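Take a look at the letters that make up each chain.
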Amino acid sequence: MIKKISIFGVTYDIELVDKKRMEELWGNNKDRVFGMSFNDKCKIYILKDLAKPQQNETLYHELMHMFLDEIGYSDLSEDEKLVDLLAHAILEIVNNSRT
C-alpha cells in the first residue's frame, strides 16, 4: 500500500489502521466502515484487516471522495453509490491498463 498520494498539489498521508482506531475515528456510528478520509487533515485511513484487493478498492473509494471535494463537488462526494461506482470504474481502468 502506498503511503502518500498527491491530488492537485495537495499531499495526503495514507495510513492502515486497526478496527479499534477506525471506530475511534468514525465515532458511535453502527455502519461498517473500511476507510475514511479527512481533507482538513490531508489523511486517508484504511482498515488494515482487509485483504489487499479490498484495501486497494477502499483506497480508490476514499480517493474519489477527496477528488470530488477538491474540485468543488462535495455534494456528490456524499453520494456513496456514486463514489463507489467511480472508484470501481477508475480501478478497472488502472488494472486493465497493466496487462
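Here the structure is a predicted model, which means the values were calculated and not measured. (Residues numbered from 1 in each chain as written. Predicted model: local features only at pLDDT ≥ 70, side-chain atom pairs only at ≥ 80, totals over all residues. Heavy atoms only, no water.)

A word on the packing of aromatic side chains
Between two aromatic rings, the relevant description is the distance of the centres plus the angle of the planes. Across all of its chains, the model carries two aromatic pairs by this definition. Relative to Tyr 45, the ring of Phe 38 has its centre 5.9 Å away and its plane inclined at 75°; by these criteria the two rings are edge-to-face. Lying over the aromatic face of Phe 38, Lys 41 brings its terminal NZ or CZ to 5.2 Å of the ring centre. (Phe/Tyr/Trp six-rings, centres within 6.5 Å; stacked < 30°, edge-to-face > 60°. Lys NZ or Arg CZ within 6 Å of the ring centre and 35° of its normal.)

Re the sheet that holds strand S4 (residues 43–47)
Read across the sheet, four strands follow the order S1-S2-S4-S3 without closing on themselves; strand pairing throughout is mixed. In this open sheet, the two strands that pair with only one neighbour each are strand S1 (4–7) and strand S3 (35–38). This sheet shows a mean twist of 20° between the axes of neighbouring strands, independent of strand direction. In this sheet, S4 lies alongside strand S2 (residues 10–17) in parallel orientation, the contact comprising five bridges. If you follow Asp 13 over to S4, its bridge partner there is Lys 43. In this fold helix H1 (residues 19–26) packs onto S2, S3 and S4, with an angle of close to 135° to the strand it touches most, S4. The sheet contacts of helix H2 (residues 52–70) involve S1, S2, S3 and S4, and relative to S4 the element is tilted by about 155°. (Pairing = 2+ DSSP bridges. Helix = DSSP H or I, 4+ residues; strand = E, 2+ residues; numbered from the N terminus. Axes fitted to C-alpha atoms, helices over the stretch in contact; angles between N-to-C directions. Contact = heavy atoms within 4.5 Å.)

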